Amino acid sequence: MFKPNLHSPPAFPVVDQCTSIGREKETVVADMDGTLLRGRSSFPYFALIAFEVGGIFRLFLLLLCSPLAGVLYYFISEPAGIQVLIFATFVGMKVSDIESVARAVLPKFYAGDLHPEAWRVFSSCGKRCVLTANPRIMVEAFLKDFLGADLVLGTEVHTYKGRATGLVSGGGVLVGESKAEALRKAFGQTYPPEIGIGDRVTDYPFMSLCKESYIVPAKPEVEAVSHDKLPKPIVFHDGRLVQKPTPFMALLTILWIPVGFLLACLRVAAGALLPMPLVYYAFWALGVRVYIKGNPPPPAIKSTGQSGVLFICSHRTLLDPIFLSAALGRPIPAVTYSLSRLSEFISPIKTVRLSRDRATDAAMIKKLLESGDLAICPEGTTCREPFLLRFSALFAELTDELVPVAMANRMSMFHGTTARGWKGMDPFYFFMNPSPAYEVNFLNKLPNKLTCGAGKSSHDVANYIQRIIAASLSYECTSFTRKDKYRALAGNDGTVVEKPKLDANKIMGC
């Protein structure tokens, strides 16, 4: 078994001095917080799990325990401080729920804090190992799926009948000599790793086991790896919180939620009860910003037999058709696939469910267009990041009266979409933001020469509209679909079980 190299800790050079060329056959072992990540505190990531799985009360419990964890961590025992965070966060949670949040929520926040120099060295090696005090169940999905880690050694959380007890098992919290011992067990009689990277004194024991060791200095001003240079783009992610919940942000969130929910109810009521021409002004009065660009077409004149216009919208939240209607000053019916009964009930516009049967849906959309204008989001699901999913081509076969609409929104505290949670709360979470904003950009109506009526294929038309909407938003076109999103975030294909339909006269509309 390999022996530690008893270097004097101050002799470890900084990671900037490590060359990253010709390392393809070498092994690197790196710490996580403060090393691969710029931030040295893991509290925000525990807070994300606490809120997404346990809600506001579990987040409050974690916040109450954080001063005790801090005192233990900095003045008495680093493992004891981490154990307090683990217990307050995980006790009683289903293991499947923790794994779901680790897969669907945490990668977005981890990827936004990747240390450039540590990543440069880590990514240059052929075999990558991460040695961290964080619970393995919390970090493994991100490290393996997004950073290409071959081995993740972390603190093991004790479970009982599918639930976390909040205690740790195995070798306890991996700190100091525990990290060194875990590394010895993992590599056995093989050669020691070529490179070890850490950031604090308690990393020195495992770093001394490596042939080369480097320190990542505490430089909070260093910029994280930019999104375009990430090893894998974050196209899909879930969770309600927009910002990383530092202790201050966690406290602010807890204090705001009761006020924000009352404000959201008021905003929802204004949108649902007021005539549509007044909704735009009511939203502005209540702090909801609606920005309108472009020149929308006038409503169809039924007496002349004119067919309605089909508005082709990019899909950010289920509120897209409502803000489209607010921008136009008149209710525009919308076809939708997945909509909760609560959202359908409080909707100020008529919503019609798609069946996913091509012939049935085509006949229904044609009939709706005969009655007037209609809105559709051909992506089939929402996407939070600056990407457009693949456009379904069905709409292009049904009419040549096509008006692309580029939708964009801004939220500062809560996301108004979810793949794992209850969709009925989506509009409330959006309106719980202090000052949410929507931008509705009406692009030019599609020329007749570019429609199916002029001989273009429906796929060509759909792809063209996707490209012009993406260009107006500075987004990137993708071929991802609804199934890709739900498989990544929820572990299913996003199929919605058909429920009994409401009678037509029970669907709210203006």
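One can find the structure itself at the top, above this paragraph.
Residues numbered from 1 in each chain as written. Predicted model: local features only at pLDDT ≥ 70, side-chain atom pairs only at ≥ 80, totals over all residues. Heavy atoms only, no water.

A. Highlighting the overall build of the chain. Helices and strands together make up the secondary structure of the chain, namely 16 helices and 15 strands. By principal-axis analysis of the C-alpha atoms, the chain measures approximately 90 × 50 × 40 Å. Counting every position in the chain, which comprises 510 residues, the buried fraction comes to 53%. Looking at the chain alone, contacts between residues at least 24 apart form 75% of all its contacts between residues at least 6 apart. When the accessible area of the chain is evaluated, it comes to approximately 22,600 Å², of which 59% is carbon and sulfur surface. On the chain, the mean spot of the 55 positive side-chain charges and the mean spot of the 44 negative ones are 5 Å from each other. (Helix = DSSP H or I, 4+ residues; strand = E, 2+ residues; numbered from the N terminus. Buried < 20%, exposed > 50% of the residue type's maximum accessible area, 1.4 Å probe, protein only. Contact = heavy atoms within 4.5 Å. Areas by Shrake-Rupley, 256 points an atom, 1.4 Å probe, with all protein chains shown as cover. Lys, Arg positive; Asp, Glu negative; His and termini not counted. Charge placed at Lys NZ, Arg CZ, Asp CG, Glu CD.)

B. Main features of the pattern of salt bridges. Counted under the stated rule, the structure contains 24 salt bridges. The partner of D113 in a salt bridge is R38, with the nearest N and O atoms 2.8 Å apart. Of this pair, D113 sits in the loop between α4 (106–111) and α5 (116–124) while R38 is found in the loop between β1 (27–30) and α1 (43–76), placing the two residues 75 residues apart along the sequence. Note on R38: relative accessible area 29%, which makes it partly exposed. With a closest N to O distance of 2.8 Å, D203 and K179 form a salt bridge. Here the residue D203 occupies a position in the loop between β5 (195–198) and α8 (204–207), and K179 occupies one in helix α7 (residues 177–187), the gap between them amounting to 24 residues. Judged by relative accessible area, K179 falls into the buried class, the value being 4%. (Salt bridge = Lys/Arg side-chain N within 4 Å of Asp/Glu carboxyl O.)

C. Region of the structure containing the nonpolar core. In this structure, F90, L143, F311, F323 and L324 are the most contacted members of the largest nonpolar core, which totals 112 residues. The element best represented in this core is α1, accounting for 13 residues. Those residues in contact with F311 that sit more than four places away from it in its chain are P297, L324, L328, R330, I332, D373, L374, A375, I376, V403, V405 and F442. In this structure, I365, L368, L374 and I376 belong to the second largest nonpolar core, which totals 29 residues. (Core = buried A, V, L, I, M, F, W, Y, C linked by side-chain atoms within 4.5 Å.)

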